[in-house]
Amino acid sequence: AQSVTQPDIHITVSEGASLELRCNYSYGATPYLFWYVQSPGQGLQLLLKYFSGDTLVQGIKGFEAEFKRSQSSFNLRKPSVHWSDAAEYFCATSGTYKYIFGTGTRLKVLA
Amino acid sequence: KAGVTQTPRYLIKTRGQQVTLSCSPISGHRSVSWYQQTPGQGLQFLFEYFSETQRNKGNFPGRFSGRQFSNSRSEMNVSTLELGDSALYLCASSPGDSQYEQYFGPGTRLTVT
């Protein structure tokens, strides 16, 4: 069965530092992969998506992610974190007419 | 374009009651999905509708039901509420096939007392 795993429940970084959030997927074929961000009490906002083609995808808010088939990973990166990036981040893959979400990584940003 | 809207945003109900939540998708989107989000279980898929037809359903009891109208608006209903139904209920819409990107509404926070 398809699944995504986010190994890190919490991550703390200093403002201005680089960020990498990990996501591993389980699927035989090329998956459709997504990263979403959720601020407290809000819905989910799509940061970026990967369907096929170039394995490095650019998203909104300065985020990017790289699809690595050999590692079954789709890690989210940002070169310099801003305090407003503090939120919860979800990796997801699409199944049959539904999304399958990871458990989320909560990002804390230190001033 | 207006985003996905959900009403009401907050709701407090008592055990045993029933509740109906509403979702209006982005104009032109025909697929609507519902998810339940809780601290313990995370984001769990409830069901997906496309052109008034339920195409997929998650592992929830029959107390959870939904429907979609001809204008793509969707409602979900939970009958005989239990304390464990307290959650954030999120609706998402897609232009066509929901395996592509989904756009989420702000959610309805349901508290069952």
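The structure under discussion appears in the preceding block.
**Student:** Please explain the overall build of chain B as it appears in this structure.
**Tutor:** Within chain B, the regular secondary structure consists of zero helices and eleven strands. Moving toward the C terminus, one meets the helices and strands of chain B in the order β-β-β-β-β-β-β-β-β-β-β. In summary, chain B has a C-alpha radius of gyration of 13 Å against a globular reference of 13 Å for 113 residues, a match within 12%. For chain B, the C-alpha atoms occupy an extent of roughly 35 × 25 × 25 Å along the three principal directions.

**Student:** It is not clear to me how the interface of chain B and chain A should be interpreted in this structure. Could you clarify?
**Tutor:** Many analyses report the size of an interface as the accessible area lost when the parts associate. With 19 residues of chain B in contact, the opposing surface of chain A contributes 19 residues. Summed over both sides, the interface of chain B with chain A buries roughly 1,700 Å², with 59% coming from carbon and sulfur. Our count for the chain B to chain A interface comes out at one salt bridge. Notably, a salt bridge pairs K49 of chain A with E101 of chain B, separated by 3.5 Å at the nearest N-O pair. Taken together, chain B and chain A are joined by four residue pairs in polar contact (both at pLDDT 80 or more). Contributions of two or more residues to the side of chain B that touches chain A are made by strand 4 (31-38), strand 5 (42-50), strand 6 (53-57) and strand 9 (87-94) of chain B. At three residues, the largest contribution of residues to the side of chain B that touches chain A is made by strand 5 of chain B. When grouped by side-chain class, the residues that make up the side of chain B that touches chain A number eight nonpolar, six polar and five charged.

**Student:** Please clarify how unusual backbone geometry should be interpreted in this entry.
**Tutor:** Most peptide bonds are trans, and most residues other than glycine sit at a negative phi. Residue P8 of chain B is bonded to the preceding T7 of chain B through a cis peptide linkage, with omega at -10°. Relative to the helices and strands, P8 of chain B is located in the loop between strand 1 (5-7) and strand 2 (10-13). In this model, K61 of chain A sits at a positive phi of 60°, which is unusual for a non-glycine residue. With respect to the helices and strands, K61 of chain A occurs in the loop between strand 7 (56-58) and strand 8 (64-68). Phi at S51 of chain B is positive, roughly 45°, even though this residue is not glycine. Looking at the secondary structure, you find S51 of chain B in the loop between strand 5 and strand 6.

**Student:** When you look at the environment of Q58 of chain A in this model, what are you seeing that I'm missing?
**Tutor:** Residue and element names in this part refer to chain A. The residue Q58 is located in strand 7 in this model. In sequence terms Q58 and R77 are 19 residues apart; their C-alpha atoms lie 9.8 Å from each other. With sequence-adjacent residues up to four places away left out, Q58 is seen in contact with L48, F63 and E64. At 3.1 Å, the side chain of Q58 forms a polar contact with the side chain of E64.

**Student:** It is not clear to me how the packing of aromatic side chains should be interpreted in this structure. Could you clarify?
**Tutor:** Two numbers describe a pair of aromatic rings. These are the distance of the centres and the angle of the planes. Within this structure, the stated rule accounts for 19 aromatic pairs over all chains. Each ring, one from F34 of chain A and one from Y36 of chain A, has its centre 6.4 Å from the other, and the planes form 40°; the classification is tilted. Here the two residues F34 of chain A and Y36 of chain A agree in accessibility, since each one is buried. Through pairs of rings, three or more aromatic residues link up here, namely Y32, F34, Y36, F51, F90, Y99 and F101 of chain A together with Y35, F45 and F104 of chain B.

**Student:** Hey, could you run me through the state of the cysteines in this one?
**Tutor:** Covalently bonding the sulfur atom of one cysteine to the sulfur atom of another cysteine gives a disulfide. The tally for this structure, following the rule as stated, stands at two disulfides over all chains. The residue that forms a disulfide with C23 of chain A is C91 of chain A, at a sulfur-sulfur distance of 1.9 Å. Here C23 of chain A and C91 of chain A share a disulfide; its torsion about the S-S bond, -60°, makes the bridge left-handed. Remark: C91 of chain A occurs in strand 10 (residues 87-95) and C23 of chain A occurs in the loop between strand 3 (19-21) and strand 4 (24-26); sequence separation between them is 68 residues. Both residues of the pair, C23 of chain A and C91 of chain A, count as buried. Each sulfur of the disulfide joining C23 of chain B and C91 of chain B lies 1.7 Å from the other. Between C23 of chain B and C91 of chain B, the S-S torsion sits near -55°, and that sign places the bridge as left-handed. Remark: C91 of chain B occurs in strand 9 and C23 of chain B occurs in strand 3 (residues 19-24); sequence separation between them is 68 residues. Of the two residues, C23 of chain B and C91 of chain B, neither departs from the other in class, the shared state being buried.

Parameters at a glance
Residues numbered from 1 in each chain as written. Chains lettered and ligands numbered in written order. Predicted model: local features only at pLDDT ≥ 70, side-chain atom pairs only at ≥ 80, totals over all residues. Heavy atoms only, no water. Helix = DSSP H or I, 4+ residues; strand = E, 2+ residues; numbered from the N terminus. Rg over C-alpha atoms; globule rule 2.2 N^0.38 Å. Contact = heavy atoms within 4.5 Å. Buried area = accessible area lost by both parts, 1.4 Å probe. Salt bridge = Lys/Arg side-chain N within 4 Å of Asp/Glu carboxyl O. Polar contact = N/O pair within 3.5 Å; in protein donor to acceptor, adjacent residues only side chain to side chain. Nonpolar A, V, L, I, M, F, W, Y, C, P; charged D, E, K, R; others polar. Phe/Tyr/Trp six-rings, centres within 6.5 Å; stacked < 30°, edge-to-face > 60°. Buried < 20%, exposed > 50% of the residue type's maximum accessible area, 1.4 Å probe, protein only. Disulfide = S-S within 2.5 Å.

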